Each structure stands twice: as structure tokens, then as C-alpha cells.
Amino acid sequence: MKRKSMTLEERERFFAELEAELASGELTLGQALKRLRRDLLGMTQPAYAKACGLSPTTLRLIEQDKANPTLDTLQQLFGKFGLHLTLVRRPRR
């Protein structure tokens, strides 16, 4: 079944919600990756793992937050969505 593409507005809202859930701790990196892979690309784990040059087992463990991927691996996985991981210092509350 082919996935319906999102409008630019829907895509921006999707990313804003994802970012807010990550920032609040409601969502882990693994959960965010799974949502991006599934909801934006409509790809299976094996297909996405192959596209990223990883084993399906490695991707599954990352999505389940049971792996400790390197920054390079995370860049590989999230870069497919135009996202870049950075270290940002948050202001103290």
C-alpha cells in the first residue's frame, strides 16, 4: 500500500510535535526514529536498515533503545530525513 505524502504544513507540524516530545522526554531517540521511518518513509525495518547500511537487527535494537549507537550511526539514520544531531546547551531554569 502506497503511503499518502504529507503536505509541507503537515510535515512541519509532524517535525514540531516530534521535537516537542523529544525535548520533554516523552519520546526516546529510538521511538522518534521508528516514527520517522514508518510515518514519513513508510519503510520496513529491513528496507530502511539496508538503505542505511546497517543490519536489521541493529536497527531494531536502536529503535527499541537497546543499543548504544555511535554519533556517526545516528547521523546516518537521521540524516535521511534532513536532520542533524548536535550538542546544544540548554539554558538553566
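Placed above this text is the structure.
Remember, predicted model here, so these are calculated numbers, not experimental data.

1. Some remarks on the packing of aromatic side chains
Here is step 1: Going through the model one piece at a time under the given rule, you end up with two aromatic pairs.
Here is step 2: Ring centres 5.9 Å apart and planes at 85 degrees place the aromatic pair Phe-14 and Phe-15 in the edge-to-face group.
Here is step 3: Judged by centre distance (5.9 Å) and plane angle (35 degrees), the ring pair of Tyr-48 and Phe-81 falls under tilted. Here Tyr-48 is found in helix H3 (residues 45-52), whereas its partner Phe-81 is found in the segment after helix H5 (71-79), with 33 residues between them in sequence.

2. Quick word on the side chain of Glu-63
Here is step 1: Relative to the helices and strands, Glu-63 resides in helix H4 (residues 56-63).
Here is step 2: Within the local environment of Glu-63, its side chain forms a polar contact with the side chain of Arg-37, the two groups lying 2.7 Å apart.
Here is step 3: Separated by 2.6 Å, the side chains of Glu-63 and Gln-45 make a polar contact.
Here is step 4: The contacts of Glu-63, once residues within four sequence positions are left out, are Gly-30, Gln-31, Leu-33, Lys-34, Arg-37 and Gln-45.

3. Here's the deal with the pattern of salt bridges
Here is step 1: As enumerated under the stated definition, the model contains four salt bridges in all.
Here is step 2: Between Glu-9 and Arg-13 there is a salt bridge whose closest N-O contact spans 3.7 Å. Of this pair, Glu-9 and Arg-13 are both found in helix H1 (residues 8-24), four residues apart, which corresponds to roughly one turn of the helix.
Here is step 3: Of the residues examined, Glu-9 reaches a relative accessible area of 57% and is grouped as exposed.
Here is step 4: Ionic pairing is found between Glu-21 and Arg-35, a salt bridge with its closest N-O pair at 3.3 Å. Remark: Arg-35 occurs in helix H2 (residues 29-41) and Glu-21 occurs in helix H1; sequence separation between them is 14 residues.
Here is step 5: For Arg-35, a relative accessible area of 21% corresponds to the partly exposed category.

Reading the values: rules and limits
- Per chain, the residues get numbers from 1 upward, laid out in the order the sequence is written.
- In view of the model being predicted, local features appear only for residues whose pLDDT reaches at least 70, and side-chain atom pairs are presented and counted only at 80 or more, with totals across whole chains, interfaces and linings using the full set of residues.
- As a rule here, side-chain values cover all heavy atoms of the structure and leave hydrogens and water aside.
- Two aromatic rings, drawn from Phe, Tyr or Trp (for Trp, its six-membered ring), form a pair once their centres lie within 6.5 Å of each other, and the interplanar angle then sorts them: stacked below 30 degrees, edge-to-face above 60, tilted otherwise.
- By the criteria applied, helices consist of DSSP H or I runs no shorter than four residues and strands consist of E runs no shorter than two, each listed in order from the N terminus.
- In protein, a polar contact requires one atom able to donate a hydrogen and another able to accept it; more generally it is a pair of N or O atoms within 3.5 Å, and residues adjacent in sequence count only if both atoms are side-chain atoms.
- Should any heavy atoms of two residues lie within 4.5 Å, those residues are counted as being in contact.
- Whenever Lys or Arg places a side-chain nitrogen within 4 Å of a carboxyl oxygen from Asp or Glu, that contact is recorded as a salt bridge.
- Burial classification: accessible surface area is computed with a 1.4 Å probe over protein chains only, and a residue below 20% of its type maximum counts as buried, one above 50% as exposed, and the rest as partly exposed.

Any functional reading would require information beyond the geometric quantities listed.
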